[in-house]
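# Summary of the model geometry
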Amino acid sequence: MTVRTAWEREVAAGRLEPDPAQEAAIPALDRVLSEAEAAPERGGLFRRARPASVRGLYLWGGVGRGKSMLMDLMVAEAAVPVRRVHFHAFMQEVQDALHAERRKGTEDALAPVGDRIAEGLRLLALDEMQVTDIADAMIVGRLFERMLRAGVGVVTTSNRPPRDLYKDGLNRALFLPFVDLIEERLEVLEMAGGADHRQGAIGEEDTWLVPADAAARARIDALFADLAGPDAGPLTLRVKGREVTLPAFGRGAGRAPFWALCGAALGPADYLAVADAVRVMAIDDVPRLGRSNFNEAKRFVTLIDALYEARVRLIASAADEPGALYVEGEGAFEFERTASRLREMTRAGWGGGPAG
């Protein structure tokens, strides 16, 4: 079956709404499937057959447009070996494998790691490509080159066009050959316009839930399940050699308790990486803030600033309304701006701003 057939089936069943932007992207996904499922080239006598090359796809556009959903339909319909993984999780796996190879003394650690990933694989589907870490930026080009040379078709979604990846990053000039590789070897397709379908999953309700009790937790459970899907799991981000873990993540939605995000010694770079990775963020159990948790309160302000600038929709349970959350102690006056942002970010219609 094709992606078009699967998409039309979902629309007919009422599980998806008709969307011209999605429909316009479907032929490219069906092309990738057709090329991946074509018979491999045959080598000469006693030569190992080499798979025919697959021109991959870089599908980018605004948040909540259905890019990941379309990629999931392609994966479900593929009749060849395929792997679907979030980009950050994939790069964490690669970095761990590289460390293991280096401990063994392997001279070119990337070669065996790339070969193991490509072995038996025909399609690699990477969701939400965002390059924020210098270590990832320095290896992703060589890794993709190895995948493509092995005949693996790469399909990736992103909120940014290729030329905006790792924008303003350290030593970005060394990263630009990877951008050239994407534009040369993958079809680059913008999913323009369309509706933000993730907002529909949240509905028209405000999402700042007071108090942080069992009813609030149950409501966040239900919202997050709709947003993240059944395969949500932990997501670890690498930031300047550190690891930042969201306990739950799926389809661009993340979830973590307040203390996991603000009780640890995290800084602006860590929160920017979180904001880059998510389109919706659910935070459980935001306490009252003041002298007793001043450092945590400062981190919370930094986190909210990063999420706000990235136009991330916020879902949170808290001890009180934003304006009454931080009423005494140093920083209470400055928190008024954060309180205003919290009200804005949890109001129906917030989010889905510019790509990236």
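Residues numbered from 1 in each chain as written. Predicted model: local features only at pLDDT ≥ 70, side-chain atom pairs only at ≥ 80, totals over all residues. Heavy atoms only, no water.

All right, on to the domain arrangement of the chain then. Domain boundaries in the chain define domain 1 (3-40 + 52-190) and domain 2 (206-346). Summarising the inter-unit geometry, the C-alpha centres of domain 1 and domain 2 are found 29 Å apart. If you look at the interface, domain 1 gives 14 residues, while domain 2 gives 14 residues. Of all residues in domain 1, His88, Gln92 and Asp133 give up the largest surface area on contact with domain 2, accounting jointly for 35% of the area buried on that side. If you look at where domain 1 meets domain 2, you find one salt bridge. Ionic pairing is found between arginine 160 and aspartate 276, a salt bridge with its closest N-O pair at 3.0 Å. Run the count over domain 1 and domain 2 and you get two residue pairs in polar contact (both at pLDDT 80 or more). (Domains from an automatic or database assignment. Contact = heavy atoms within 4.5 Å. Buried area = accessible area lost by both parts, 1.4 Å probe. Salt bridge = Lys/Arg side-chain N within 4 Å of Asp/Glu carboxyl O. Polar contact = N/O pair within 3.5 Å; in protein donor to acceptor, adjacent residues only side chain to side chain.)

Attention now goes to the confidence of the model for the chain. When the pLDDT values of the chain are averaged, the result is 87; 91% of them are 70 or greater. Across residues 42-47 the pLDDT falls below 50, and counting only partners more than four positions away or on other chains, this stretch makes three contacts in the model. (pLDDT = per-residue confidence, 0-100.)

Leu246, Met281, Ile283, Phe300, Leu307 and Leu314 are the most contacted members of the largest nonpolar core, which has 42 residues in total. Where this core is concerned, the elements lending two or more residues are β7 (233-239), β8 (242-250), α10 (258-262), α11 (268-277), β10 (280-286), α12 (294-309), β11 (313-318) and α13 (335-345). By residue number, the principal contributor to this core is α12, which donates seven residues. Leucine 307 has contacts with Ala275, Val278, Met281, Val312, Leu314 and Met345, leaving out every residue within four places of it along the chain. (Core = buried A, V, L, I, M, F, W, Y, C linked by side-chain atoms within 4.5 Å. Buried < 20%, exposed > 50% of the residue type's maximum accessible area, 1.4 Å probe, protein only. Helix = DSSP H or I, 4+ residues; strand = E, 2+ residues; numbered from the N terminus.)

Across the five residues of strand β3 (residues 123-127), five count as buried, placing the element largely inside the fold. Residues Leu123, Ala125 and Asp127 of β3 are buried on one face, and the alternating residues Leu124 and Leu126, pointing to the opposite face, are buried as well. Relative to β3, strand β2 (residues 82-86) runs parallel, the two sharing five bridges. Looking across to β3, one finds that valine 82 is bridged to leucine 123. Pairing between β3 and strand β4 (residues 153-158): four bridges, direction parallel. Within β4, the position partnered with leucine 126 by the bridge is threonine 156. In this fold, β3 hands off to helix α6 (residues 134-149), which returns the chain to β4; that crossover is right-handed. (Pairing = 2+ DSSP bridges. Right-handed = clockwise from strand over helix to strand, strands pointing away.)

Right, let's talk about the sheet that holds strand β5 (residues 186-191) for a bit. On the basis of which strands lie adjacent, the open sheet formed by five strands has the order β2-β3-β4-β1-β5 and parallel pairing. Each edge of the sheet is formed by a strand with only one pairing partner; in this case those strands are β2 and β5. Taking each pair of neighbouring strands and ignoring which way they run, the sheet shows an average axis angle of 15°. Each of β2 and β3 is contacted by helix α4 (residues 87-103), which is oriented at about 100° to β2, the strand it contacts most. This element, α6, spans β3, β4 and β5 of the sheet and lies at about 140° to β4. (Axes fitted to C-alpha atoms, helices over the stretch in contact; angles between N-to-C directions.)

This brings us to the packing of α6 against helix α7 (residues 176-185). At a minimum axis distance of 9 Å, the contact between α6 and α7 shows a crossing angle of 30°. Classified by the angle their axes make, α6 and α7 are roughly parallel. α7 is crossed by α6, and the crossing has left-handed handedness. For the pair α6 and α7, the contacting residues are Val140, Gly141, Phe144, Glu145 and Leu148 in the first and Phe178, Leu181 and Arg185 in the second. Residue classes in the contact of α6 with α7 are distributed as five nonpolar, one polar and two charged. (Parallel < 35°, antiparallel > 145°, perpendicular 65-115°, else oblique. Left-handed = near helix turned anticlockwise from the far one by under 90°. Nonpolar A, V, L, I, M, F, W, Y, C, P; charged D, E, K, R; others polar.)

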